[in-house]
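Okay, here's what each chain looks like letter by letter:
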Amino acid sequence: MNLSWKLGRVAGIDVFLHPTFLLLLLLPGVAERLPLVLATFGCVLLHELGHALAARRFGIGTADITLYPIGGVARLTRMPRAPGVELLIALAGPAVNLAIAVALAPLALTGGGFAMDLMAINLVLALFNLIPAFPMDGGRVLRALLGGWIGRARATSFAAAVGRTLAVGFGVYSLLSLAPFQVALAVFIYLVAGAEEASVLAEEGRRAGAAGNVDWSTPAGYRWVQTHPGVWRLARNGSASRGSSWSGAR
Ligand SMILES: [Zn+2]
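Along each chain, the written sequence defines residue order, and numbers are assigned to residues from 1. Since the coordinates come from a predicted model, pLDDT governs what is reported: local features require at least 70, and pairs of side-chain atoms require 80 or more to be given and counted, while whole-chain, interface and lining totals use all residues.

Topic: helix α2 (residues 34–57)
(1) Moving on: When the terminal C-alpha atoms of α2 are compared, their 35 Å separation across 24 residues agrees well with the 34 Å that a helix rising 1.5 Å per residue should span.
(2) Moving on: Turning to α2, its buried residues are C43, V44, H47, E48, L49, G50, H51, A52, A54 and A55.
(3) Moving on: Buried residues along α2 sit in contact with β1 (5–10), β2 (13–17), β3 (62–68), β4 (71–76), α3 (83–111) and α4 (113–129).
(4) Moving on: G59, located one to two residues past α2, shows a positive phi value of around 75°. Counting from the N terminus, the helices are the DSSP runs of H or I reaching at least four residues and the strands are the DSSP runs of E reaching at least two. By this rule the span expected of a helix is its residue count minus one, scaled by 1.5 Å. To sort residues by exposure, count the other C-beta atoms lying within 10 Å of each residue's C-beta; 20 or more gives buried, 12 or fewer gives exposed, and values between give partly exposed, all with C-beta atoms placed from the backbone. For the purpose of contact definition, each residue receives a C-beta atom placed from its backbone, and two residues are in contact when these atoms lie within 7 Å.

Okay, structure coming up:
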């Protein structure tokens, strides 16, 4: 079930707005700065289009783009496995924000105000997404760089562990400074880092299984089932489960 509202279609890709986006408007000071909030989400959308169009260049489609209060998600129809391709697709998003910041610079430095704020926001978006941890783009950059050296599965686990560690540190700090939005962001980063890791380990496990190797990422008596596109969970063999099962496809 898709709870998100469709905003429209850009470059042949459906763009959705998640209802939790409305929570953002409840934050103090946001309602008064609505034009800046909308411009920021335009920039987040362009960031996601950067990923989507870079992926398209390598023959990878994008199912849709959804905008959440903390950013956007471009759902690629498949994940690139070649490290060089993953690296370029991951860098395309932050590169868009850097380009916007550079384009705004002359206006920001002479006029200040709105252009200055939007330039600063784009710089933050670029730098935040380059943090070398899942689920940020930097996590994919890190995996692409490490993958050829220690293997894709271990590189993913490493980037996910960095993501979880940062999320816990950021979460504790936000809790102590009584910042509920930041606490929610930390919990989200923690959960998505784990989900990304589980999804990649399942994929690598299926590949190893298909190649006749030991499927070490699946415990005995369990199998991986896909509950949503790209979301995998372990289910006990023989138990009924939602989603399509891959046990027959190995
Ligand atoms: Zn991105």
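Structure shown, so let's carry the discussion forward.
Here's the deal with the nonpolar core
(1) Moving on: What makes a nonpolar core is a set of buried Ala, Val, Leu, Ile, Met, Phe, Trp, Tyr and Cys residues, with links drawn between C-beta atoms within 7 Å. Counting residues in each nonpolar core, the largest one holds 40 residues, and the members touching the most others are A133, F134, A159, A167 and A193.
(2) Moving on: For this core, the elements supplying multiple residues, two or more each, are β2, α2, β3, α3, α4, α5 (137–150), α6 (152–176) and α7 (180–210).
(3) Moving on: Ranked by the residues each element gives to this core, the list is headed by α3, at eight residues.
(4) Moving on: Sequence-distant contacts of A159, that is, excluding residues within four places in its chain, are made with A133, F134, G139, L142 and R143.

So, the pairing of β2
(1) Moving on: Only strands that DSSP links by at least two bridges are regarded as paired with each other. Strand direction decides the pairing type here: β1 and β2, joined by five bridges, are antiparallel. Note that in β2 the partner of W5 across the bridge is L17.

Things to note about unusual backbone geometry
(1) Moving on: In this model, A11 sits at a positive phi of 50°, which is unusual for a non-glycine residue.
(2) Moving on: C-beta crowding within 10 Å serves as the criterion here: with 11 such atoms nearby, A11 is assigned to the exposed category.
(3) Moving on: Even without a glycine there, the phi angle at L178 is positive, about 50°.
(4) Moving on: On the secondary structure map, L178 appears in the loop between α6 and α7.

Comments concerning the environment of A126
(1) Moving on: One can find A126 in helix α4.
(2) Moving on: For the pair formed by A126 and L91, sequence separation is 35 residues and the distance between their alpha carbons is 9.4 Å.
(3) Moving on: Each residue touching A126, except ones within four places of it in the same chain, is listed here: P94, N97, L98 and A101.

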